[in-house]
Amino acid sequence: MGEVAVDPAFIQAVEHRPNLTIIQAEGIPIIDLSSLINSSSSSDDSPKSDELERLISEIGKACSDWGFFQVINHGVPLECRQRIESVSRKFFALSKEEKLKVKRDEENPLGYYDTEHTKNVRDWKEVFDFTVQNPAVIPASDEPEDEDVRKINSQWPQYPPEFREACEDYVKEMEKLSFKLLELISLSLGLPANRMNRFFEKDETSFIRLNHYPPCPISHLALGVGRHKDAGALTVLAQDDVGGLQVKRKIDGEWILVKPTPNAYIINVGDIIQVWSNDKYESVEHRVMVNSEKERFSIPFFFNPAHYTWVEPLKELINQQNPSKYKAYNWGKFFTTRKGSNFKKLDVENIQIYHFKNI
(Lines give C-alpha, C1' and ligand atoms only; values in the text may rest on other atoms or scores of the structure.)
Protein backbone atom coordinates (compact mmCIF):
# COMPACT_ATOMS: atom_id res chain seq x y z
CA MET A 1 0.00 0.00 0.00
CA GLY A 2 3.00 2.29 0.54
CA GLU A 3 2.20 5.96 1.28
CA VAL A 4 -1.46 5.86 2.23
CA ALA A 5 -3.76 8.87 2.26
CA VAL A 6 -6.62 8.50 4.70
CA ASP A 7 -9.85 8.50 2.70
CA PRO A 8 -12.82 10.04 4.56
CA ALA A 9 -14.83 6.98 3.55
CA PHE A 10 -12.39 4.82 5.47
CA ILE A 11 -12.79 6.88 8.62
CA GLN A 12 -16.56 6.63 8.30
CA ALA A 13 -16.29 2.85 7.83
CA VAL A 14 -14.22 2.31 10.96
CA GLU A 15 -15.80 4.77 13.38
CA HIS A 16 -18.27 2.10 14.49
CA ARG A 17 -15.50 -0.20 15.69
CA PRO A 18 -15.60 -1.37 19.31
CA ASN A 19 -13.16 -0.22 21.93
CA LEU A 20 -9.73 -1.65 21.04
CA THR A 21 -8.46 -1.86 24.61
CA ILE A 22 -6.53 -5.07 25.24
CA ILE A 23 -5.15 -6.87 28.25
CA GLN A 24 -1.44 -7.52 28.64
CA ALA A 25 -1.58 -11.06 29.97
CA GLU A 26 0.56 -14.15 30.14
CA GLY A 27 -0.94 -15.22 26.85
CA ILE A 28 -1.62 -18.38 24.96
CA PRO A 29 0.34 -21.57 25.76
CA ILE A 30 3.78 -22.14 24.26
CA ILE A 31 4.31 -25.81 23.44
CA ASP A 32 7.68 -27.42 22.76
CA LEU A 33 7.44 -30.00 19.95
CA SER A 34 10.95 -31.38 20.36
CA SER A 35 9.68 -34.66 21.87
CA LEU A 36 7.63 -35.22 18.71
CA ILE A 37 10.36 -34.14 16.30
CA ASN A 38 12.89 -36.38 18.07
CA SER A 39 10.60 -39.41 18.43
CA SER A 40 10.88 -42.20 15.91
CA SER A 41 7.14 -42.54 15.37
CA SER A 42 3.77 -41.22 16.44
CA SER A 43 1.84 -43.98 14.68
CA ASP A 44 -1.23 -45.49 16.26
CA ASP A 45 0.36 -48.77 17.30
CA SER A 46 3.66 -47.34 18.59
CA PRO A 47 4.15 -47.06 22.34
CA LYS A 48 4.08 -43.44 23.42
CA SER A 49 6.91 -42.08 25.53
CA ASP A 50 6.08 -40.11 28.66
CA GLU A 51 7.21 -36.96 26.84
CA LEU A 52 4.93 -37.64 23.90
CA GLU A 53 1.98 -38.41 26.17
CA ARG A 54 2.61 -35.13 27.95
CA LEU A 55 2.75 -33.30 24.63
CA ILE A 56 -0.57 -34.80 23.51
CA SER A 57 -2.12 -33.71 26.79
CA GLU A 58 -0.75 -30.16 26.41
CA ILE A 59 -2.14 -29.93 22.87
CA GLY A 60 -5.56 -31.10 24.01
CA LYS A 61 -5.67 -28.64 26.91
CA ALA A 62 -4.60 -25.73 24.67
CA CYS A 63 -7.24 -26.60 22.07
CA SER A 64 -9.91 -26.88 24.75
CA ASP A 65 -9.00 -23.86 26.88
CA TRP A 66 -7.79 -21.42 24.24
CA GLY A 67 -8.26 -22.71 20.69
CA PHE A 68 -4.79 -21.19 20.15
CA PHE A 69 -1.22 -22.09 21.06
CA GLN A 70 2.34 -21.38 19.94
CA VAL A 71 4.85 -24.07 18.99
CA ILE A 72 8.63 -23.97 19.29
CA ASN A 73 11.23 -26.55 18.21
CA HIS A 74 8.81 -27.41 15.42
CA GLY A 75 11.31 -28.65 12.84
CA VAL A 76 10.75 -25.95 10.20
CA PRO A 77 14.20 -24.80 8.98
CA LEU A 78 14.80 -21.17 9.90
CA GLU A 79 16.40 -20.50 6.50
CA CYS A 80 13.19 -21.58 4.74
CA ARG A 81 11.12 -19.15 6.81
CA GLN A 82 13.61 -16.34 6.34
CA ARG A 83 13.49 -16.79 2.55
CA ILE A 84 9.73 -16.41 2.29
CA GLU A 85 9.76 -13.48 4.71
CA SER A 86 12.40 -11.84 2.51
CA VAL A 87 10.50 -12.28 -0.78
CA SER A 88 7.30 -11.12 0.90
CA ARG A 89 8.92 -7.84 1.92
CA LYS A 90 10.43 -7.40 -1.55
CA PHE A 91 7.10 -8.05 -3.27
CA PHE A 92 5.12 -5.58 -1.14
CA ALA A 93 7.85 -2.96 -1.68
CA LEU A 94 7.14 -3.03 -5.44
CA SER A 95 5.16 -0.29 -7.11
CA LYS A 96 1.37 -0.56 -7.03
CA GLU A 97 1.40 -0.92 -10.81
CA GLU A 98 3.69 -3.95 -10.60
CA LYS A 99 1.69 -5.64 -7.83
CA LEU A 100 -1.59 -5.16 -9.69
CA LYS A 101 -0.23 -7.25 -12.56
CA VAL A 102 -1.10 -10.28 -10.37
CA LYS A 103 -4.29 -8.94 -8.79
CA ARG A 104 -7.13 -11.27 -7.89
CA ASP A 105 -10.58 -10.98 -9.42
CA GLU A 106 -13.97 -12.63 -9.16
CA GLU A 107 -12.91 -15.48 -11.44
CA ASN A 108 -9.60 -16.18 -9.71
CA PRO A 109 -9.50 -15.44 -5.96
CA LEU A 110 -5.72 -15.93 -5.89
CA GLY A 111 -3.13 -13.20 -6.16
CA TYR A 112 -2.79 -9.65 -4.87
CA TYR A 113 -5.34 -7.30 -3.39
CA ASP A 114 -5.53 -4.45 -0.91
CA THR A 115 -8.15 -2.42 0.89
CA GLU A 116 -8.01 0.31 -1.74
CA HIS A 117 -9.59 -2.11 -4.21
CA THR A 118 -12.52 -3.44 -2.19
CA LYS A 119 -16.09 -2.24 -2.24
CA ASN A 120 -16.16 -1.33 1.43
CA VAL A 121 -12.96 -0.49 3.29
CA ARG A 122 -12.89 -2.56 6.47
CA ASP A 123 -9.34 -3.77 7.02
CA TRP A 124 -5.98 -2.01 6.75
CA LYS A 125 -3.73 -4.38 4.81
CA GLU A 126 -2.57 -5.76 1.49
CA VAL A 127 -2.17 -9.47 0.78
CA PHE A 128 -0.99 -12.06 -1.71
CA ASP A 129 -2.62 -15.53 -1.81
CA PHE A 130 -1.39 -18.75 -3.43
CA THR A 131 -2.48 -22.37 -3.12
CA VAL A 132 -0.69 -25.57 -2.18
CA GLN A 133 -2.14 -27.47 -5.13
CA ASN A 134 -1.60 -25.96 -8.57
CA PRO A 135 -4.10 -25.93 -10.02
CA ALA A 136 -6.47 -26.13 -7.07
CA VAL A 137 -9.90 -27.65 -7.68
CA ILE A 138 -12.92 -25.91 -6.17
CA PRO A 139 -16.67 -25.91 -6.91
CA ALA A 140 -17.69 -23.84 -9.92
CA SER A 141 -20.39 -22.11 -7.87
CA ASP A 142 -21.95 -22.08 -4.42
CA GLU A 143 -25.25 -23.46 -5.75
CA PRO A 144 -25.96 -26.80 -3.97
CA GLU A 145 -27.22 -28.51 -7.14
CA ASP A 146 -24.25 -27.47 -9.26
CA GLU A 147 -21.70 -30.31 -9.25
CA ASP A 148 -19.31 -28.67 -11.71
CA VAL A 149 -15.81 -27.80 -10.56
CA ARG A 150 -13.21 -25.40 -11.82
CA LYS A 151 -9.46 -25.13 -11.56
CA ILE A 152 -7.73 -22.04 -10.24
CA ASN A 153 -4.03 -21.36 -10.63
CA SER A 154 -1.75 -19.36 -8.41
CA GLN A 155 -0.43 -16.20 -10.04
CA TRP A 156 3.29 -15.58 -9.70
CA PRO A 157 4.85 -12.11 -9.95
CA GLN A 158 7.87 -11.52 -12.14
CA TYR A 159 9.70 -9.86 -9.26
CA PRO A 160 11.43 -10.78 -7.11
CA PRO A 161 12.69 -13.62 -9.34
CA GLU A 162 13.14 -16.02 -6.40
CA PHE A 163 9.55 -15.47 -5.20
CA ARG A 164 7.91 -18.66 -6.50
CA GLU A 165 10.69 -21.01 -5.42
CA ALA A 166 10.76 -19.58 -1.89
CA CYS A 167 6.98 -19.91 -1.62
CA GLU A 168 6.86 -23.48 -2.90
CA ASP A 169 9.65 -24.59 -0.57
CA TYR A 170 7.82 -23.05 2.36
CA VAL A 171 4.59 -24.86 1.43
CA LYS A 172 6.33 -28.22 1.84
CA GLU A 173 7.44 -27.36 5.36
CA MET A 174 4.00 -26.06 6.34
CA GLU A 175 2.37 -29.28 5.16
CA LYS A 176 4.79 -31.38 7.22
CA LEU A 177 4.15 -29.36 10.36
CA SER A 178 0.38 -29.27 9.81
CA PHE A 179 0.13 -33.05 9.48
CA LYS A 180 2.13 -33.46 12.72
CA LEU A 181 -0.21 -31.08 14.51
CA LEU A 182 -3.28 -32.74 13.04
CA GLU A 183 -2.07 -36.11 14.35
CA LEU A 184 -1.45 -34.70 17.82
CA ILE A 185 -4.93 -33.19 17.88
CA SER A 186 -6.43 -36.48 16.74
CA LEU A 187 -4.58 -38.36 19.50
CA SER A 188 -5.71 -35.80 22.07
CA LEU A 189 -9.30 -36.61 21.11
CA GLY A 190 -8.65 -40.30 21.75
CA LEU A 191 -8.62 -41.10 18.03
CA PRO A 192 -5.99 -42.81 15.85
CA ALA A 193 -3.22 -40.41 14.84
CA ASN A 194 -4.09 -40.59 11.14
CA ARG A 195 -7.87 -40.36 11.59
CA MET A 196 -8.15 -36.95 9.88
CA ASN A 197 -5.23 -37.24 7.46
CA ARG A 198 -7.26 -38.74 4.61
CA PHE A 199 -9.24 -35.53 4.16
CA PHE A 200 -6.02 -33.74 3.15
CA GLU A 201 -4.03 -36.37 1.26
CA LYS A 202 -5.58 -35.60 -2.12
CA ASP A 203 -6.99 -32.41 -3.65
CA GLU A 204 -6.54 -30.29 -0.51
CA THR A 205 -7.61 -26.65 -0.80
CA SER A 206 -4.94 -25.29 1.54
CA PHE A 207 -3.45 -21.90 0.76
CA ILE A 208 -0.92 -19.39 2.06
CA ARG A 209 -1.44 -15.67 2.51
CA LEU A 210 1.34 -13.10 2.66
CA ASN A 211 0.11 -10.14 4.75
CA HIS A 212 1.46 -6.61 4.86
CA TYR A 213 0.01 -4.09 7.31
CA PRO A 214 1.41 -0.60 6.57
CA PRO A 215 1.69 1.96 9.36
CA CYS A 216 -1.76 3.38 10.01
CA PRO A 217 -2.23 7.04 11.01
CA ILE A 218 -5.61 6.23 12.60
CA SER A 219 -4.54 3.03 14.35
CA HIS A 220 -6.86 3.79 17.26
CA LEU A 221 -9.81 3.36 14.89
CA ALA A 222 -8.70 0.81 12.32
CA LEU A 223 -7.94 -2.91 12.47
CA GLY A 224 -5.54 -4.86 10.31
CA VAL A 225 -8.14 -7.62 10.25
CA GLY A 226 -11.49 -7.42 12.00
CA ARG A 227 -12.73 -10.01 14.49
CA HIS A 228 -13.34 -13.37 12.85
CA LYS A 229 -12.95 -17.14 13.10
CA ASP A 230 -11.04 -19.25 10.58
CA ALA A 231 -13.24 -21.52 8.48
CA GLY A 232 -10.71 -24.28 7.75
CA ALA A 233 -9.12 -26.98 9.90
CA LEU A 234 -5.90 -25.39 11.17
CA THR A 235 -4.06 -22.11 10.70
CA VAL A 236 -0.28 -21.99 11.12
CA LEU A 237 0.89 -18.39 11.46
CA ALA A 238 4.34 -16.85 11.25
CA GLN A 239 4.38 -13.27 12.52
CA ASP A 240 7.22 -10.78 12.75
CA ASP A 241 8.47 -9.05 15.89
CA VAL A 242 6.03 -6.13 15.60
CA GLY A 243 3.06 -8.22 16.68
CA GLY A 244 -0.59 -7.23 16.68
CA LEU A 245 -2.53 -10.50 16.77
CA GLN A 246 -5.15 -10.66 19.52
CA VAL A 247 -7.17 -13.65 20.70
CA LYS A 248 -10.52 -13.49 22.47
CA ARG A 249 -10.02 -15.34 25.74
CA LYS A 250 -12.73 -17.94 26.30
CA ILE A 251 -13.09 -17.59 30.05
CA ASP A 252 -14.03 -13.90 30.06
CA GLY A 253 -14.18 -12.63 26.47
CA GLU A 254 -11.22 -10.26 26.93
CA TRP A 255 -8.84 -9.58 24.04
CA ILE A 256 -5.34 -10.94 24.72
CA LEU A 257 -2.29 -9.82 22.77
CA VAL A 258 -0.19 -12.69 21.39
CA LYS A 259 3.35 -11.54 22.08
CA PRO A 260 5.82 -12.45 19.34
CA THR A 261 8.05 -15.41 20.20
CA PRO A 262 11.17 -15.64 18.01
CA ASN A 263 10.84 -18.35 15.32
CA ALA A 264 7.64 -19.75 16.85
CA TYR A 265 4.45 -20.54 14.96
CA ILE A 266 1.02 -19.59 16.24
CA ILE A 267 -1.56 -22.34 15.74
CA ASN A 268 -5.30 -21.98 15.91
CA VAL A 269 -8.12 -24.47 15.64
CA GLY A 270 -10.49 -23.67 12.80
CA ASP A 271 -14.20 -24.26 12.35
CA ILE A 272 -13.67 -27.70 10.79
CA ILE A 273 -11.86 -29.03 13.87
CA GLN A 274 -14.62 -27.57 16.03
CA VAL A 275 -17.22 -29.52 14.06
CA TRP A 276 -15.15 -32.73 13.84
CA SER A 277 -14.63 -32.61 17.63
CA ASN A 278 -18.35 -31.91 18.18
CA ASP A 279 -17.52 -28.69 20.03
CA LYS A 280 -14.91 -30.20 22.35
CA TYR A 281 -12.43 -27.84 20.70
CA GLU A 282 -13.58 -24.37 19.68
CA SER A 283 -12.57 -22.09 16.84
CA VAL A 284 -11.92 -18.80 18.65
CA GLU A 285 -12.35 -15.22 17.50
CA HIS A 286 -9.22 -13.24 16.78
CA ARG A 287 -8.26 -9.93 15.16
CA VAL A 288 -5.17 -7.91 14.21
CA MET A 289 -4.22 -4.47 15.48
CA VAL A 290 -2.30 -2.07 13.25
CA ASN A 291 0.63 0.08 14.32
CA SER A 292 0.84 3.82 13.83
CA GLU A 293 4.63 3.77 13.31
CA LYS A 294 5.74 0.33 12.14
CA GLU A 295 4.70 -1.89 9.26
CA ARG A 296 3.90 -5.50 10.10
CA PHE A 297 4.27 -8.71 8.09
CA SER A 298 2.74 -12.12 8.74
CA ILE A 299 2.28 -15.38 6.84
CA PRO A 300 -0.68 -17.64 7.69
CA PHE A 301 -0.97 -21.14 6.23
CA PHE A 302 -4.60 -22.27 6.03
CA PHE A 303 -4.77 -26.08 6.18
CA ASN A 304 -7.97 -27.08 4.37
CA PRO A 305 -9.34 -30.43 3.12
CA ALA A 306 -10.45 -31.41 -0.40
CA HIS A 307 -13.43 -29.55 -1.82
CA TYR A 308 -15.61 -32.67 -1.84
CA THR A 309 -15.16 -33.27 1.92
CA TRP A 310 -18.38 -33.43 3.92
CA VAL A 311 -17.73 -31.94 7.36
CA GLU A 312 -19.62 -33.34 10.35
CA PRO A 313 -18.79 -34.59 13.86
CA LEU A 314 -16.59 -37.70 13.73
CA LYS A 315 -18.68 -40.77 14.47
CA GLU A 316 -16.27 -42.08 17.13
CA LEU A 317 -17.02 -39.00 19.23
CA ILE A 318 -20.79 -39.32 19.00
CA ASN A 319 -22.91 -41.32 21.44
CA GLN A 320 -26.18 -41.11 23.31
CA GLN A 321 -24.70 -38.81 25.95
CA ASN A 322 -22.92 -36.68 23.33
CA PRO A 323 -25.18 -36.50 20.25
CA SER A 324 -24.09 -34.83 17.03
CA LYS A 325 -24.32 -31.04 17.28
CA TYR A 326 -23.99 -30.31 13.55
CA LYS A 327 -25.55 -31.25 10.25
CA ALA A 328 -23.07 -32.26 7.56
CA TYR A 329 -21.97 -29.54 5.15
CA ASN A 330 -19.84 -29.61 2.02
CA TRP A 331 -16.51 -27.85 2.55
CA GLY A 332 -16.09 -26.81 -1.09
CA LYS A 333 -19.48 -25.09 -1.20
CA PHE A 334 -18.81 -23.47 2.17
CA PHE A 335 -15.40 -22.24 0.99
CA THR A 336 -16.75 -20.93 -2.32
CA THR A 337 -19.57 -19.08 -0.59
CA ARG A 338 -17.14 -17.43 1.82
CA LYS A 339 -14.71 -16.45 -0.95
CA GLY A 340 -17.48 -14.96 -3.08
CA SER A 341 -18.90 -12.99 -0.19
CA ASN A 342 -15.47 -11.73 0.85
CA PHE A 343 -14.71 -10.55 -2.68
CA LYS A 344 -18.01 -8.74 -3.14
CA LYS A 345 -17.94 -7.36 0.43
CA LEU A 346 -21.65 -7.97 0.78
CA ASP A 347 -23.39 -6.18 3.61
CA VAL A 348 -24.83 -9.41 4.95
CA GLU A 349 -23.55 -11.98 7.42
CA ASN A 350 -21.18 -14.49 5.86
CA ILE A 351 -21.92 -18.21 6.13
CA GLN A 352 -20.96 -19.65 9.54
CA ILE A 353 -20.83 -23.15 11.03
CA TYR A 354 -23.58 -22.33 13.48
CA HIS A 355 -25.93 -22.22 10.48
CA PHE A 356 -25.49 -26.03 10.46
CA LYS A 357 -26.15 -26.51 14.19
CA ASN A 358 -28.65 -29.17 15.16
CA ILE A 359 -31.40 -27.49 17.12
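This text goes with the structure placed above it.
Engineer: A description of the pattern of salt bridges should follow, citing residues and the corresponding values.
Structural biologist: On inspection of all chains with the given rule, the structure shows 18 salt bridges. For lysine 101, the salt bridge is made with glutamate 98, and the minimal N-O distance between the two is 3.1 Å. When the shortest N-O distance is used, the salt bridge between glutamate 282 and lysine 250 registers 3.6 Å. Pair noted here: glutamate 282 is in the loop between helix H7 (271-276) and strand S13 (286-288) and lysine 250 is in the loop between strand S10 (245-248) and strand S11 (255-257), with a separation of 32 residues, a long-range link. When salt bridges that share partners are traced, they join Arg227, Lys248 and Glu285 into one network.

Engineer: So what about the packing of helix H3 (residues 50-65) against helix H6 (residues 163-188)? Which residues, and what values?
Structural biologist: The N-to-C vectors of H3 and H6 enclose an angle of 85°; their axes lie 8 Å apart at closest approach. Considered as vectors, H3 and H6 are oriented roughly perpendicular to each other. Contact residues: Leu52, Leu55, Ile56, Ile59, Gly60 and Cys63 in H3; Leu184, Ile185, Leu187 and Ser188 in H6. The residue makeup of the contact of H3 with H6, split by class, is eight nonpolar, two polar and no charged.

Engineer: Give me helix H4 (residues 78-92): which residues, what numbers.
Structural biologist: For H4, which comprises 15 residues, the first-to-last C-alpha distance of 21 Å matches the rise-based estimate of 21 Å (1.5 Å per residue) to within 8%. Every buried residue belonging to H4 is among Cys80, Arg81, Ile84, Val87, Ser88, Phe91 and Phe92, and all of these are buried. For H4, the buried positions fall inside an angular range of 135° around the axis, keeping them on one side.

Engineer: Got a sec to walk through the sheet that holds strand S4 (residues 126-131)? Specific residues and values, please.
Structural biologist: Neighbouring strands of a sheet are bound in pairs by backbone hydrogen bonds; such pairs are parallel or else antiparallel. Strand order in this open sheet of eight strands is S1-S2-S12-S9-S14-S7-S4-S3, and the pairing throughout is mixed. The sheet terminates laterally at strand S1 (30-32) and strand S3 (111-114), the two strands that pair on one side only. Neighbouring strand axes in the sheet, compared pairwise and without regard to direction, differ in orientation by 25° on average. Across the sheet, H3 lies against S1, strand S2 (68-72) and strand S12 (265-269), angled at about 160° from S1, the strand it touches most. H6 rests against S2, S4, strand S7 (207-213), strand S9 (234-239), S12 and strand S14 (296-303) of the sheet, and its axis sits at about 130° to S9.

Engineer: Help me get a handle on H3, residues and values and all.
Structural biologist: Over its 16 residues, H3 runs 22 Å from end to end, which matches the ideal 22 Å to within 8%, given 1.5 Å per residue. Considered for burial, the residues of H3 that qualify are Leu52, Leu55, Ile56, Ile59, Gly60, Ala62 and Cys63. Taken end-on, H3 shows its buried residues confined to a sector of 165°, consistent with a single buried face. Facing away from the buried side of H3, by more than 90 degrees, are the exposed residues Asp50 and Lys61. In this structure, the buried side of H3 is in contact with S1, helix H2 (34-38), S2, H6 and S12. Looking one or two places after H3, you find glycine 67, whose phi comes out positive at around 80°.

Engineer: Tell me what's going on with the nonpolar core, and back it up with residues and numbers.
Structural biologist: Formed by 78 residues in total, the largest nonpolar core has its most connected members in Phe128, Tyr265 and Ile273. Broken down by element, the residue count for this core peaks at 13 residues, all from H6. If we ignore the near neighbours within four places in the chain, the residues touching tyrosine 265 are Phe69, Gln70, Val71, His74, Val76, Arg81, Tyr170, Met174, Leu177, Val236, Leu237 and Ala238. Counting residues in hydrophobic clusters, the runner-up holds 17 residues, among them Leu245, Val258, Val284 and Val288.

Here is what the cut-offs are and how they apply
- Residues numbered from 1 in each chain as written.
- Predicted model: local features only at pLDDT ≥ 70, side-chain atom pairs only at ≥ 80, totals over all residues.
- Heavy atoms only, no water.
- Salt bridge = Lys/Arg side-chain N within 4 Å of Asp/Glu carboxyl O.
- Helix = DSSP H or I, 4+ residues; strand = E, 2+ residues; numbered from the N terminus.
- Axes fitted to C-alpha atoms, helices over the stretch in contact; angles between N-to-C directions.
- Parallel < 35°, antiparallel > 145°, perpendicular 65-115°, else oblique.
- Contact = heavy atoms within 4.5 Å.
- Nonpolar A, V, L, I, M, F, W, Y, C, P; charged D, E, K, R; others polar.
- Expected span 1.5 Å × (residues − 1).
- Buried < 20%, exposed > 50% of the residue type's maximum accessible area, 1.4 Å probe, protein only.
- Arc of directions from axis to C-beta.
- Pairing = 2+ DSSP bridges.
- Core = buried A, V, L, I, M, F, W, Y, C linked by side-chain atoms within 4.5 Å.

Any functional reading would require information beyond the geometric quantities listed.
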